[in-house]
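Given next are the chains, with one letter for each unit.
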Amino acid sequence: MARTFLSADFLRRAGISVATPSDPEYDTRRATFNGLIDRRPTLVATCSSSADVAAVINHARESGLPVSVRGGGHSVAGHCIGDGAAVVDLSGMRQVRVDATNRLAIAGGGATWLEYDTATQKFGLASTGGTFTDTGIGGLTLGGGIGYLQGTLGFAVDSLVAVEMVTADGEIIRASDRENADLFWAIRGGGGNFGVVTSFEYRVHPVGELYGGVIAYPVADAAKMLRLARDLAAGAADELVLQAVLSTSRETRDEVAAIIVCFQGSVSAGERAIAPLRNTLQPVLDALRPLTYNEMQATSAPFPFGLRHYWKGQFLSEFPDEMVDMAVEEFHRRPVPSLSTLLFEFIEGAPNRVPAPTMAFNHRGARFNVSALGIWEDPAQDTGQIEWARRFAGALTPGSAGASYVNYMNADEPSERVRLAYGDQKFDRLRQIKKRYDPDNIFRFNQNILPAV
Ligand SMILES: Cc1cc2nc3c(=O)[nH]c(=O)nc-3n(C[C@H](O)[C@H](O)[C@H](O)COP(=O)(O)OP(=O)(O)OC[C@H]3O[C@@H](n4cnc5c(N)ncnc54)[C@H](O)[C@@H]3O)c2cc1C
């Protein structure tokens with residue numbers, strides 16, 4: 001404990017804002033998105049520069065403390081806050097600079113998508129980002145990054161061209177295809193296992209006219225809606241990206257069966273592309289319209305921090321009719337009252353054309369990411385919600401591509417599931433790289449990759 005005080009005092013003297021358990025703001029600063037998680041770090045240090053991050057890592061290492069990294073704070077597993085850890089909180093590093101001439105955006109490691117999209121869209125530019133504006137670019141990009149522009153631009157990680165990061169020994173380095181290329185390969189999918197990314201450099205692309213929003217159907221037509229979305233996505237141009245949800249309205253508490261549409265192109269082309277969504281079934285709500293990318297990104301309102309979450313799903317290579325029917329049945333079996341949702345992300349186009357060896361992210365070619373998102377308030381539902389999400393994810397196994405999406409995985413995933421997320425060959429290479437850059441596994445609050453022995 002004495003060492004902790006020494007570290008905290010040292011860091012404060014270096015101008016870093018630090019909260020320890022005796023500080024009144026400690027509880028606010030250790031809060032994570034998921035109310036199911038209640039972890040007590042040794043200290044939370046809010047960093048404003050790479051030098052601050054290096055100072056925290058050096059002092060954590062010298063004090064024998066592991067390090068957890070808080071980007072946007074939205075890890076459902078709560079990985080950003082570790083019990084006993086020194087938390088590197090990047091909320092002081094959210095600036096975004098756009099180099100429109102070279103089509104690059106350089107963003108601080110703690111930026112959210114709202115900050116990133118606002119800055120890039122001022123120049124009519126964008127790269128694929130998360131579909132909730134308040135999630136962090138950090139965790140989301142390093143785990144892959146499913147988003148509305150993926151059909152043409154790939155996942156968020158596919159636009160990453162370089163990073164500045166601080167390693168476990170406190171060194172500030174760059175990684176790209178040309179500098180520390182092995183590390184750059186590893187972080188693109190390997191998450192926060194290898195160091196703290198203080199600056200992300202993305203290739204950005206012109207993104208102008210969009211047509212999209214939400215179209216909803218009677219819940220009684222949920223199975224037909226899911227088949228329709230699946231079949232439309234399968235044959236669609238890259239410009240059309242679809243997600244489907246079976247959920248509960250946060251406003252009315254009514255059940256909802258809806259498709260979220262993002263089409264990159266003109267109104268007339270968009271209307272033609274989505275015509276089957278209007279002509280095959282009778283919608284109860286049709287809010288599809290021309291919109292800006294930032295309006296598209298605001299389609300789903302952020303969730304407040306503190307709700308309880310347990311998410312579980314699988315990448316699928318097939319989503320046959322029997323599985324659609326199972327999903328609808330399971331939706332009706334979710335514990336209520338709750339906001340628990342089934343999410344169907346259709347993955348076609350650019351993400352599946354990136355050669356798998358390019359980076360650690362695996363499972364190119366999995367055409368669906370299907371997940372139960374248990375979301376509830378009452379602790380009395382904890383067991384029921386967790387059982388429901390697990391049962392649903394288990395029932396997806398016949399269509400499974402063999403793994404789950406690391407960014408949706410829980411804290412209780414066995415290491416074998418983490419290995420499966422990368423496949424044996426990539427996982428073994430990741431362990432070698434981990435051994436080189438973080439042999440003592442100080443970055444262990446993540447879907448952890450143990451250093452090779
Ligand atoms: C409401 C909601 C919506 C979501 N929507 C999407 C979506 O549309 N698409 C999608 O793909 N995923 C989505 N996700 C999942 C999301 O990708 C993960 O939750 C991700 O971890 C969020 O990143 P963060 O920076 O906010 O997380 P944090 O909790 O801050 O960080 C999680 C972990 O990521 C690592 N990390 C974060 N920042 C850095 C950094 N700068 N350097 C090194 N490591 C870092 C660390 O290991 C950290 O523990 C969503 C999650 C939520 C809760």
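What comes next concerns the included structure. (Residues numbered from 1 in each chain as written. Predicted model: local features only at pLDDT ≥ 70, side-chain atom pairs only at ≥ 80, totals over all residues. Heavy atoms only, no water.)

### Remarks on empty space enclosed by the protein
- Following the criterion strictly, the structure yields two cavities of 30 Å³ or more and no others.
- For the lining of the largest cavity, the class distribution of residues is six nonpolar, five polar and no charged.
- The volume enclosed by the second largest cavity comes to roughly 50 Å³.
- As for the second largest cavity, its lining consists of Gln150, Gly151, Ala233, Leu240, Val241, Leu242, Phe346, Ile347 and Glu348.
- Of all elements in the fold, only α6 (150-153) and β13 (240-248) reach the threshold of two or more residues within the lining of the second largest cavity.
- When residues of the lining of the second largest cavity are assigned to their parent elements, the largest contribution, three residues, is made by β13. (1 Å grid on protein atoms, 1.4 Å probe; cavity = no way out; pocket = protein on both sides within 12 Å on 5 of 7 lines; lining within 4 Å. Points joined across faces, edges and corners; volume = space filled by probe spheres on them. Nonpolar A, V, L, I, M, F, W, Y, C, P; charged D, E, K, R; others polar. Helix = DSSP H or I, 4+ residues; strand = E, 2+ residues; numbered from the N terminus.)

### Topic: the pattern of salt bridges
- In total, this model carries 31 salt bridges according to the counting rule given.
- Two residues, Asp325 and Arg227, come together in a salt bridge whose shortest N-O distance is 2.6 Å. Within this pair, whereas Asp325 is found in helix α11 (residues 321-332), its partner Arg227 is found in helix α8 (residues 222-235), the two being separated by 98 residues in sequence.
- Here Asp325 falls in the partly exposed class, since its relative accessible area comes to 32%.
- Residue Arg227 is classed as partly exposed on the basis of its relative accessible area, which comes to 22%.
- Where salt bridges share partners, they join Arg227, Arg230, Asp231, Asp321 and Asp325 into one cluster. (Salt bridge = Lys/Arg side-chain N within 4 Å of Asp/Glu carboxyl O. Buried < 20%, exposed > 50% of the residue type's maximum accessible area, 1.4 Å probe, protein only.)

### Digging into the site of the ligand
- The ligand sits among 35 residues. The nearest are Gly71, Gly73, Thr131, Ile146 and Tyr405.
- At 3.5 Å from an oxygen atom of the ligand is found a main-chain nitrogen or oxygen belonging to Cys80.
- A distance of 3.4 Å separates a nitrogen atom of the ligand from a polar backbone atom of Gly109.
- In the complex, the protein chains occlude 97% of the 940 Å² of accessible area that the ligand would expose alone.
- Where the shell around the ligand is concerned, the elements lending two or more residues are β3 (67-70), α5 (137-143) and β10 (196-203).
- In terms of residue count, the dominant contributor to the shell around the ligand is α5 (four residues).
- Of the residues in the shell around the ligand, the class split is 16 nonpolar, 18 polar and one charged. (Near = heavy atom within 4 Å. Polar contact = N/O pair within 3.5 Å; in protein donor to acceptor, adjacent residues only side chain to side chain. Areas by Shrake-Rupley, 256 points an atom, 1.4 Å probe, with all protein chains shown as cover.)

### A closer look at the nonpolar core
- Counting 45 residues, the largest nonpolar core has Leu246, Ile259, Leu277 and Phe344 as the members making the most contacts within it.
- With near-sequence residues (within four places) excluded, Phe344 lies in contact with Leu226, Leu242, Gln243, Ala244, Val245, Leu246, Phe319, Ala327, Asn369 and Val370.
- Listed in part, the 38 residues of the second largest apolar core include Ala175, Phe200, Val204 and Met409. (Core = buried A, V, L, I, M, F, W, Y, C linked by side-chain atoms within 4.5 Å. Contact = heavy atoms within 4.5 Å.)

### Thoughts on the sheet that holds strand β1 (residues 17-19)
- Taken in spatial order, the four strands of this open sheet run β1-β2-β4-β3, and their pairing is mixed. At either end of the open sheet lies a strand with only one pairing partner, and these are β1 and β3. Here the strands of the sheet are splayed against their neighbours by 20° on average, with no regard to which way each runs.
- Direction of pairing for strand β2 (residues 43-46) relative to strand β4 (residues 86-89): parallel, over a ladder of four bridges. Looking at β4, one finds that Thr46 is bridged to Asp89.
- Against the sheet, helix α3 (residues 50-63) contacts β2, β3 and β4, and its axis sits at roughly 170° relative to β4. (Pairing = 2+ DSSP bridges. Axes fitted to C-alpha atoms, helices over the stretch in contact; angles between N-to-C directions.)

### A look at the layout of surface pockets
- Of the volumes computed, that of the second largest pocket is approximately 260 Å³.
- Considering the residues around the second largest pocket, the lining is formed by 17 residues, among which Pro414, Ser415, Val418, Gln447 and Asn448 are closest to the centre.
- Of all elements in the fold, only α13 (415-422) and α14 (424-437) reach the threshold of two or more residues within the lining of the second largest pocket.
- Per-class residue counts for the lining of the second largest pocket are seven nonpolar, five polar and five charged.

### Things to note about helix α9 (residues 267-279)
- For α9, built from 13 residues, the straight-helix expectation of 18 Å at 1.5 Å per residue is met to within 8% by its first-to-last C-alpha distance of 17 Å.
- Ala273 marks the point of greatest bend in α9, at about 50°, and the proline Pro276 comes within the next four residues.
- Buried within α9 we find Gly270, Ile274 and Leu277.
- Buried residues in α9 make contact with β12 (210-217), α8, β13 and β14 (255-264). (Expected span 1.5 Å × (residues − 1). Bend = angle between axes of the 7 residues up to and from the residue.)

### Quick notes on the sheet that holds strand β6 (residues 104-108)
- Read from one edge to the other, the open sheet built from five strands follows the order β5-β6-β10-β8-β9, with strand pairing classed as antiparallel. For this open sheet the edge positions go to β5 (96-99) and β9 (172-176), each flanked by a neighbour on one side alone. On average, each strand axis in the sheet is tilted by 15° relative to the strand beside it, whichever way the strands run.
- Relative to β6, β5 runs antiparallel, the two being bridged by four bridges. Residue Asp99 lies in a different strand from β6, and its bridge partner there is Leu104.
- This element, helix α4 (residues 113-121), spans β5, β6 and β10 of the sheet and lies at about 30° to β5.

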